[in-house]
Amino acid sequence: MSTITTLATEVVNRMGNRTDITTRSQYWIYDALIQLASNIDFEELEVTGANFNLTDGTGNYALSNWITAGDTLQTIVDLVLYTDIGTNTKTIRLRPSSILEQDKITPLEGGYPTLYARWGTNLVVRPVPSGAYTTFMRYRRQHTLTGSIPFAGTTILLSVEWDFVIEQIAESIGYNELKEHDRSEVLRRQMWGGCNPVTGKYEIGYIKPLLT
């Protein structure tokens, strides 16, 4: 699999082997990777956390209880609860709710939760559980980074067809930094799509077909 370093080397090659962008190209790849992973729901970044047991009579929990150490949560996909304590064979998917909706009524107690709401770094479940029900979370994590910025040794977790996209976005970022805005805009439009200023027609970018 590719790393930030290997993709940065290719960016330098594509930009005429300039000797003054060797280090900056790694920052551009890092920026491109974060931009891409923040805007697209990549299956490669979807994981399932370990089981976590709720506490009888407690409805508020730290979100970190469901997140694997080293992961940074991007989006909750779903929260699953086993309704049969001790056996853990029957599950329900808790329905996402709003903390503002839950605040309208006094929290119900008894049985197992059917709703959850995120509030900052906490998760609230309702009704308040009446036992130590086992739960687990499916979530989308932020892309894992290795070392310190620009995280040069980071392995790219996305499938290989996205390497070209990351490189092109990085080039666009690089040309913009180098004040070559026309080149930057052409590359940006080739990737994300947009209106061609010459023809006035909308052009589908390289990214959209990959999403299908």
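Heads up: the structure comes first, above all this text.
This text gives an overview of the structure that appears in the document. Quick caveat, the model's predicted, so the values are computed rather than measured.

1. Focus on the nonpolar core
Membership of the largest hydrophobic core comes to 29 residues, with the highest contact counts inside it found for I29, L36, L158, W162, I166 and I207. Among the secondary structure elements, those contributing two or more residues to this core are α1 (4–14), α2 (22–39), α4 (163–177) and α5 (181–192). In this view, I29 contacts I4, L7, A8, V11, I166, E167 and A170; residues no more than four positions away in its chain are not counted.

2. A closer look at α1
Among the residues of α1, those classed as buried are I4, L7, A8, V11 and V12. The buried side chains of α1 occupy one side of the element, clustering within an arc of 150° when seen end-on. Those residues of α1 that are buried lie in contact with α2 and α4. Looking one or two residues past α1, G16 carries a phi angle of roughly 85°, positive in sign.

3. Notes on unusual backbone geometry
The omega torsion of the bond from R126 to P127 falls at -5°, within 30 degrees of zero and hence cis. Along the chain, I149 connects to P150 via a cis peptide bond; the corresponding omega equals 15°. Of note, P150 is situated in the loop between β8 (134–141) and α4. One non-glycine residue, F151, lies in positive phi territory at about 55°. Tracing the sequence through the fold places F151 in the loop between β8 and α4.

4. Concerning the pairing of strand β6 (residues 115–119)
With 2 bridges connecting them, strand β5 (residues 91–96) and β6 associate as parallel partners. The residue bridging P96 from the neighbouring strand is Y116, located in β6. In the sheet, β6 pairs with strand β7 (residues 122–126) via 5 bridges, with the strands oriented antiparallel. By the bridge assignment, R118 is partnered in β7 with L123. Hairpin connection of β6 to β7: 2 residues between the antiparallel strands, including G120 at a positive phi of 65°.

5. With respect to the pattern of salt bridges
Throughout the structure, instances matching the rule amount to 14 salt bridges. In this structure, R93 engages D78 in a salt bridge whose closest nitrogen and oxygen atoms are separated by 3.7 Å. A residue pair is termed long-range when its members are at least 10 positions apart, and R93 in strand β5 and D78 in strand β4 (residues 73–82) qualify at 15 residues. Since its relative accessible area comes to 52%, R93 is described here as exposed. When its relative accessible area of 8% is taken as the criterion, D78 is described as buried. Each of E10, R14, E167 and E171 takes part in a single network of salt bridges with overlapping partners.

6. A look at α2
In an α-helix, one turn spans 3.6 residues, which is why side chains three or four residues apart end up on the same side. Between the first and last C-alpha of α2 there are 27 Å, a value that for 18 residues agrees with the 26 Å anticipated at 1.5 Å per step. Those residues of α2 that fall on the buried side of the exposure criterion are S25, Q26, W28, I29, Y30, A32, L33, L36 and A37. For α2, the elements touching its buried residues are α1, β4, α4, α5 and α6 (207–211).

About the thresholds
- Residues numbered from 1 in each chain as written.
- Predicted model: local features only at pLDDT ≥ 70, side-chain atom pairs only at ≥ 80, totals over all residues.
- Heavy atoms only, no water.
- Core = buried A, V, L, I, M, F, W, Y, C linked by side-chain atoms within 4.5 Å.
- Buried < 20%, exposed > 50% of the residue type's maximum accessible area, 1.4 Å probe, protein only.
- Helix = DSSP H or I, 4+ residues; strand = E, 2+ residues; numbered from the N terminus.
- Contact = heavy atoms within 4.5 Å.
- Arc of directions from axis to C-beta.
- Pairing = 2+ DSSP bridges.
- Salt bridge = Lys/Arg side-chain N within 4 Å of Asp/Glu carboxyl O.
- Expected span 1.5 Å × (residues − 1).

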